[in-house]
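Read off the chains here:
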Amino acid sequence: MLPRFWRKIRYRYNLVGTYCENCRTYYYPPRNLCPKCRRKSKIKEVQLSGKGKVISYSIVHDAPENFKMMKPYVVALIQLDEGPIITSQLVCKPEEVRVGMRVRAVFRKYGEEGESGIIYYGTKFVPDS
Amino acid sequence: MVGIVSYGTYVPKYRIRVEEIARIWGDNAETIKNGLGILQKSVPDLDEDTATIAVEAAREAVRRAKIDPKRIGAVYVGSESHPYAVKPTATIVGEALGIGNEYFAADLEFACKAGTAGMQMCMGLVKAGMIEYGLAIGADTSQSRPGDALEYSAGAGGAALLIGRDGVIAEVEGTYSFTSDTPDFWRREGQPYPSHGGRFTGVPAYFRHITSAANGLMEKLGLKPSDFSYAVFHQPNGKFPVRVAKMLGFGMEQIKPGLVVSHIGNTYSGSSLIGLCAVLDEAKPGDRILLVSFGSGAGSDAFSLIVTDEIENFDRTPRVWDKVMEGEHIDYGLYVKLRRKIRFG
Amino acid sequence: MRRVAVIGVGCSKFGELWDMNFRDIVISAGIEALEDAGLEGKEIEAMYIGNMSGGRYLAQEHVAALIADYAGLAELHIPATRVEAGDASGGLALRMAYMAVASGVHDVVIAAGAEKVTDVGAETAMDILSSAADREWEVFCGANLPALFAMMARMHMDRFGTTEEDLARVSVKNHRNAVNNPKAQFRREISLEVALNSPYVAEPLRLFDCAPISDGAAVVILASEEVAREYTDTPVYISACCQASDYLALHSRRDVTTMDAVVHASRQAYKHAGIEPKDVDVAEVHDSFTIAEIIAYEDLGFTEKGKGAELIREGVTELNGEIPVNPSGGLKACGHAIGATGIRQAVEIVLQLRGDAGKRQVDAEKGLALNIGGTGATAVVTIFER
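Residues numbered from 1 in each chain as written. Chains lettered and ligands numbered in written order. Predicted model: local features only at pLDDT ≥ 70, side-chain atom pairs only at ≥ 80, totals over all residues. Heavy atoms only, no water.

1. Here's the deal with the domain arrangement of chain B
Residue and element names in this part refer to chain B.
Move 1: Parsing chain B into structural domains produces domain 1 (3-169 + 318-338) and domain 2 (172-311).
Move 2: Across the domain 1 to domain 2 interface the summed buried area is about 4,400 Å²; carbon plus sulfur atoms make up 63%.
Move 3: If you sort the residues of domain 1 by the area they bury against domain 2, C112, I169 and W321 come out on top, with a joint share of 15%.
Move 4: One salt bridge connects D301 with K113, and the closest N-O pair in it is separated by 3.1 Å.
Move 5: Seen at the junction of domain 1 and domain 2, the total is 26 residue pairs in polar contact (both at pLDDT 80 or more).
Move 6: Broken down by element, the side of domain 1 that touches domain 2 gets its largest block of residues, seven residues, from helix α5 (residues 114-127).
Move 7: Counted by class, the side of domain 1 that touches domain 2 contains 27 nonpolar, 21 polar and eight charged residues. (Domains from an automatic or database assignment. Buried area = accessible area lost by both parts, 1.4 Å probe. Salt bridge = Lys/Arg side-chain N within 4 Å of Asp/Glu carboxyl O. Polar contact = N/O pair within 3.5 Å; in protein donor to acceptor, adjacent residues only side chain to side chain. Helix = DSSP H or I, 4+ residues; strand = E, 2+ residues; numbered from the N terminus. Nonpolar A, V, L, I, M, F, W, Y, C, P; charged D, E, K, R; others polar.)

Here is the structure:
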């Protein structure tokens, strides 16, 4: 998993997405082809603002192995202001989260490959006042 | 003119009170609060570490500098709690800032003064014309042995200073270091918690190095305590910086604006730098600031800074004191979970 | 295109089959299907196997040849092919077999589905199943399958007023149906209270909203209409078998509360079979999570978008209702043997249409099976008629 994580570090540490200049649509995670224009796609990389709102969420109690220490934790579908919806963790108390809540991106740890393995960093969100 | 172009800070939101830790160990909270001059300390979340703190502080610094991150030519991260023993934190910061690949980088360790060591390195590179901007970061999420006196003070936080020539908000008038081989506090390779020499950390270590560095700098620049509007000394607790100020001839009004330790604890490599940033938040053009760090082992870096007119145009929000004073109090059980003092499997 | 008939069905027990390995399970289902069809074995011309992850559940790939081998077909040297689409792998195998017969390439073809999951722990089993979602951009964030379906449920509740009680009703119904299914994993009724008091797995989904991950295998034998007549007087015909795909990750979809792949596959299937949703007499749908069954009601056109919960509230999908759904007990109570599920659903519909479903028998001429992969990036809809 090490090269697999490393390869996309640029897009995980920062919300670098893609933008299709042909149909003016933003995508995150990044895409090589625009699903609306396909071969006519004019894709370029863009830094997204990291601001958005929660459109759905879940509080995970039965956590996967890597996330055991974090439980209960909040995962959410977040619609960025530029349009795309992304799956991310929300750093807040479970009782705080609401649909429609404004959030902003922060740099956090997602997990690690055991105590002696590499650490996965990435983007999470926090409530934005 | 070489100096600070921008700064950013980060303090995790959780706090644990002295009373809560004392409750577990049967200590007298009032005695500890009086003895250490600490009310509470900051605690990192499970997904926070020195790298995430360094990134958040650095992002604030770069955002407020309003510069293209690609113009940053060096990243030095000072910490005694780097997430990896081998593999730099600086590269994580560089990538998260989008600096590109052409930059000097290294992790530094000199107990609590690795951040100011980074400042000196960046100053040198800027002065030599080798880089346009350099980023010096001090950040820590220091561990402490459960039940040890350090548990009351070992906090988490960090600050990032952007050093450069253009748009300087605080010029570095001079810097001076005092270094000796003094084993007052250490952590052996592979050990989870640091050890210390108890009262030996005082006179032969903290006080000797800070007073020597401060006096050395003032002598070199021909300055006296009354020439400074503010003074910031490393803050391992709330008592030492007050006492060292007194020894050097500084008054409470000079050190109080930067004395953040009582609410967030000792943030190690972040400690004196967060104090400096709190002072910069309120400083006016022409103010002179003395900064003296202390790192066990041992050494002190002293700096004399003069605030420039540029500070009037600098965005100083959110303010350091707001970050220091806010926070959410947790109990010892959650603290133990967050600091991973319990482990699965 | 030739008309395709099902001439034999077989199914293993579903559940924690501690004393059976992968081969034992598949062969138990296969023998049942051969006996049901009255075949000796040498008549079989090809085999398609739905299996999601022999590689991770068993560290065994190349399972198509393995199954052909242990089914005693090695010396016949038939083409044996494994297909994979997460937990829609079984549905895919059925479709491949259907196409092989309909096209005239083969006359008698086996469609099988099999998964052996209990050789790894429950957490690993869920992690493997979660790889039917987007590993890099969903599961990496801690959004495993329960969390993703939970986010679908949350939005469905927010938008349409579906409640946790509605979700629990799906579970209660499917448990009640499974009591009369001798192959089912959980053959006991549960009360609404028990379901609603079970712990949260991923809010708003509770333990009783989640299907188990089970061992199991199922086999159907397909034949051309002409050949079918040699073996049975009561063939069940496949009048359509359609498949559609969608964005892999939930976050990329047009609408989080709609599975467009189900909409597309079912619309094609209805058209191909010349029927409408109201003509469906019985259905097996993919209730890996209770919300998926409610969304399936809508996306299959049994009701309008947003009104799925009304069907469960009003008893429309109960065994004695207008459109009985999951008479077998569904994935929730019969068990979810991942790659086997799509074939197991087909077995149930065939039994129902033949009148062989015992105490859970409903009156039906046309039946539908919906098998989805992950959160719905693959959907296979098959329509059967007698």
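2. Focus: the sheet that holds strand β4 (residues 108-115) of chain C
All names here are of chain C.
Move 1: Pairing is mixed across the open sheet formed by nine strands, whose spatial order is β3-β2-β4-β7-β1-β8-β11-β10-β9. The open sheet has two free edges, formed respectively by β3 (80-83) and β9 (282-284), since each of these has just one partner strand. Strand-to-strand twist in this sheet, taken as the mean axis angle between neighbours without regard to direction, amounts to 25°.
Move 2: When strand β1 (residues 4-11) meets strand β8 (residues 236-245), the two strands line up antiparallel, connected through three bridges. Bridging across to β8, V4 finds its partner in I238. (Pairing = 2+ DSSP bridges. Axes fitted to C-alpha atoms, helices over the stretch in contact; angles between N-to-C directions.)

3. Some words on the sheet that holds strand β14 (residues 328-329) of chain B
All names here are of chain B.
Move 1: Strand order in the open sheet formed by three strands is β3-β2-β14, and the pairing between neighbours is mixed. This sheet does not close on itself; its edge strands, each paired only once, are β3 (40-43) and β14.
Move 2: Direction of pairing for strand β2 (residues 14-17) relative to β14: parallel, over a ladder of two bridges. Counterpart to Y14 in the pairing with β14 is E328.
Move 3: Helix-sheet contacts for helix α1 (residues 18-25) involve β2 and β3, and the interaxial angle to β2 is about 55°. (Contact = heavy atoms within 4.5 Å.)

4. Let's talk about the side chain of C:N144
Move 1: Following the sequence through the fold, C:N144 ends up in the loop between α5 (122-130) and α6 (145-160).
Move 2: If near-sequence neighbours (up to four positions away) are discounted, C:N144 is found in contact with A:D62, A:P64, C:M126 and C:S130.

5. Let's talk about the interface of chain A and chain C
Move 1: With 35 residues of chain A at the interface, the matching set in chain C holds 26 residues.
Move 2: When chain A packs against chain C, close to 2,700 Å² is buried across both sides, 59% of that on carbon and sulfur atoms.
Move 3: The tally of links from chain A across to chain C stands at three salt bridges.
Move 4: Viewed at the interface, chain C and chain A are joined by 13 residue pairs in polar contact (both at pLDDT 80 or more).
Move 5: Only α1 (2-7), α2 (9-13), β4 (51-60), β5 (73-80) and β6 (85-90) of chain A provide two or more residues apiece to the side of chain A that touches chain C.
Move 6: Looking at the side of chain A that touches chain C, the element that brings in the most residues is β4(A), giving six residues.
Move 7: Residues of the side of chain A that touches chain C, tallied by class, amount to 21 nonpolar, six polar and eight charged.

6. Considering helix α14 (residues 341-354) of chain C
Residue and element names in this part refer to chain C.
Move 1: In this model, α14 (14 residues) spans 20 Å end to end at C-alpha, consistent with the 20 Å of a helix rising 1.5 Å per residue.
Move 2: When you tally the buried positions in α14, you get 13 out of 14 residues, the bulk of the element.
Move 3: G355 occupies a position one or two residues after α14 and carries a positive phi of about 80°. (Expected span 1.5 Å × (residues − 1). Buried < 20%, exposed > 50% of the residue type's maximum accessible area, 1.4 Å probe, protein only.)

7. Focus: the interface of chain B and chain A
A common way to state how big an interface is: give the accessible area lost once the parts meet.
Move 1: Listed by partner, the interface residues are 24 residues for chain B and 20 residues for chain A.
Move 2: Here chain B meets chain A over a buried area of about 2,000 Å², counting both sides, of which 53% is carbon and sulfur.
Move 3: Its largest share of buried area at the contact with chain A, chain B owes to B:D47, B:Y84 and B:E95, together 26% of the area lost on that side.
Move 4: One can count five salt bridges joining chain B with chain A.

8. What to know about unusual backbone geometry
Move 1: Cis rather than trans, the peptide bond between A:K71 and A:P72 has omega equal to -5°.
Move 2: Counting through the fold element by element, A:P72 comes out in the loop between β4 and β5.
Move 3: Following C:E203, the chain continues into C:P204 via a peptide bond in cis, with omega recorded as 5°.
Move 4: Looking at where C:P204 falls in the secondary structure, it is placed in the loop between β5 (200-202) and β6 (205-206).
Move 5: For A:R38, which is not a glycine, the phi torsion comes out positive at approximately 50°.
Move 6: With respect to the helices and strands, the residue A:R38 is situated in the loop between β2 (25-27) and β3 (43-47).
Move 7: Positive phi values are uncommon outside glycine, yet C:H77 reaches one of about 55°.
Move 8: Relative to the assigned elements, C:H77 resides in the loop between α3 (63-73) and β3.

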